[in-house]
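# Summary of the model geometry
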Amino acid sequence: MSEDAGRDCVFCRIAAGEIPAQRVAESAQVLAFRDLNAQAPTHVLLIPKQHVVASAGEMFELAAAIARDEKLDQGWRLVTNVGPHAGQTVHHLHLHLIGGRPMQWPPG
Ligand code: 5GP
Ligand code: ZN
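Computed from a predicted structure; not experimentally measured.

What counts, and where the lines are drawn
- Residues numbered from 1 in each chain as written.
- Chains lettered and ligands numbered in written order.
- Predicted model: local features only at pLDDT ≥ 70, side-chain atom pairs only at ≥ 80, totals over all residues.
- Heavy atoms only, no water.
- Helix = DSSP H or I, 4+ residues; strand = E, 2+ residues; numbered from the N terminus.
- Expected span 1.5 Å × (residues − 1).
- Contact = heavy atoms within 4.5 Å.
- Near = heavy atom within 4 Å.
- Polar contact = N/O pair within 3.5 Å; in protein donor to acceptor, adjacent residues only side chain to side chain.
- Areas by Shrake-Rupley, 256 points an atom, 1.4 Å probe, with all protein chains shown as cover.
- Nonpolar A, V, L, I, M, F, W, Y, C, P; charged D, E, K, R; others polar.

### Examining helix α2 (residues 56-69)
Look at α2: 20 Å from first C-alpha to last across 14 residues, which is about the 20 Å you get at 1.5 Å a residue. Packed against the buried residues of α2 are β1 (23-26), β2 (30-34), β3 (42-48), β4 (76-79) and β5 (95-99).

And the structure:
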């Protein structure tokens, strides 16, 4: 674990149940919950339950399952922001699953 893991990390605290979140799905290593500041009708965050360890394949599989559950049959987007130029605010690996409206490319 890195230094900011645990008590100082909002996503670790959500994974631990210390901060409430609207949970959507979970698998062995991945938790999915709705973003507090949704940017689309569906905006789900997928995080590894552990601060550092992540199984990319498991995250993609759970994202696809949620997209089916949310009936995002017109399409959906997975985004990961890394670093200041991308606007990352929470330094715990996460994927944004966004859908339910038409989206532009390239993103802003
Ligand atoms: P980033 O900008 O790091 O890619 O995304 C972090 C995301 O976490 C933001 O979209 C923000 O709205 C969301 N977020 C931050 N704090 C909380 C929280 O306490 N609960 C939930 N559900 N989402 C959060
Ligand atoms: Zn964390």
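### Things to note about the site of ligand 1
By nearness alone, 16 residues border ligand 1, and D35, N81, T89, H94 and H96 come closest of all. Within the contact set of ligand 1, an oxygen atom lies 2.5 Å away from a side-chain nitrogen or oxygen of D35. Contacts to ligand 1 include G87, whose backbone N or O atom sits 3.0 Å from an oxygen atom. Protein chains bury 84% of the 520 Å² of accessible surface belonging to ligand 1 in isolation. At the level of secondary structure, the elements contributing two or more residues to the shell around ligand 1 comprise α1 (10-15) and β2. Each residue belonging to the shell around ligand 1 can be placed in one class, and the counts come to 7 nonpolar, 7 polar and 2 charged.

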